[in-house]
Amino acid sequence: QVQVVESGGGLVQPGGSLRLSCAASGSIFNIYNMGWYRQAPGQQRDIVASITSDGATTYADSVKGRFTISRDNAKNTVYLEMNSLKPEDTAVYYCAATIRATTGGRGDYWGQGIQVTVSS
């Protein structure tokens, strides 16, 4: 079994910072792309940032210059550092990873989602 678990969400004031972590565990052979998505109430789930196994990153325009995605391959963990947070960043944040299991199957795995609330 493969599982993906996020941590680090919570309440922060506008202009503040949070760091989200997402750890994959289980019967993992390789982890390919990893990414963060978010979904605000009544909205679609949109990609926030992604990172390849080699460290190439992409960002949604709305977070460029404020968020940084990184990964630690030795820990099977991806991070999202969020700075200069705005109320419009409020959403449930989801971690996703494309993983090949040791059994050979490849698929996308999602975390349970964590709430990030930016409010004074």
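To start, this report covers the structure provided alongside it. (Residues numbered from 1 in each chain as written. Predicted model: local features only at pLDDT ≥ 70, side-chain atom pairs only at ≥ 80, totals over all residues. Heavy atoms only, no water.)

**Structural notes on the state of the cysteines**
As used in these notes, a disulfide is a covalent bond between sulfur atoms, one from each of two cysteines. Quick note on the threshold: We call a pair of cysteine sulfur atoms a disulfide when they lie within 2.5 Å. Counting from the N terminus, the helices are DSSP H or I runs at least four residues long and the strands are E runs at least two residues long. Throughout this description, buried means an accessible area under 20% of the type-specific maximum (1.4 Å probe, protein chains only), exposed means over 50%, and partly exposed covers the range between.
All told, the structure shown has 1 disulfide when counted by the stated rule. Paired by a disulfide, C22 and C95 hold their sulfur atoms 2.0 Å apart. Measuring the twist about the S-S bond at about -80°, one finds the C22-C95 disulfide to be left-handed. With C22 in strand β3 (residues 18-26) and C95 in strand β9 (residues 91-101), this pair connects stretches of sequence that are 73 residues apart. The same class applies to C22 and to C95, which are both buried.

**Thoughts on the sheet that holds strand β8 (residues 77-82)**
Quick note on the threshold: Any two strands between which DSSP finds at least two bridges are classified as paired. Angles run from 0 to 180 degrees between N-to-C directions of axes, and those axes are lines fitted to C-alpha atoms, restricted for helices to the stretch in contact.
In space, the 4 strands of this open sheet follow the order β1-β3-β8-β7, with antiparallel pairing throughout. The sheet is open, and its two borders are formed by β1 (2-7) and β7 (67-72), each paired with just one other strand. Along the sheet, successive strands turn relative to each other by an average axial angle of 15°, direction set aside. Taken together, the 6 bridges between β1 and β3 define a ladder with antiparallel strand orientation. Residue V5 lies in a different strand from β3, and its bridge partner there is A23.

**Section: unusual backbone geometry**
For N76, which is not glycine, the phi dihedral falls at a positive 50°. Given a relative accessible area of 25%, N76 falls into the partly exposed group. If you check the backbone angles, S84 has positive phi at about 50° while not being a glycine. The topology assignment puts S84 in the loop between β8 and β9. Take S84: its relative accessible area is 41%, and that puts it in the partly exposed class.

**Some points on the pairing of strand β10 (residues 106-110)**
Sheet topology note: the β9/β10 ladder contains 5 bridges and is antiparallel. Of the residues in β10, the one forming a bridge with A97 is Y109. Hairpin remark: β9 followed by β10, antiparallel, with 4 residues in the connecting loop; positive phi at G104, about 105°.

**Quick notes on the pattern of salt bridges**
For the record, the criterion: For this document, the term salt bridge refers to a Lys or Arg side-chain nitrogen within 4 Å of an Asp or Glu carboxyl oxygen.
Throughout the structure, instances matching the rule amount to 3 salt bridges. The residue R38 makes a salt bridge to D89 at a minimum N-O spacing of 3.0 Å. A residue pair is termed long-range when its members are at least 10 positions apart, and R38 in strand β4 (residues 28-39) and D89 in the loop between β8 and β9 qualify at 51 residues. Assigned by exposure class, R38 and D89 land together as buried. The closest approach of N and O atoms between D61 and K64, which form a salt bridge, is 3.1 Å. For D61, a relative accessible area of 63% puts it in the exposed group. Sharing partners across several salt bridges, the network here consists of R38, R66 and D89.

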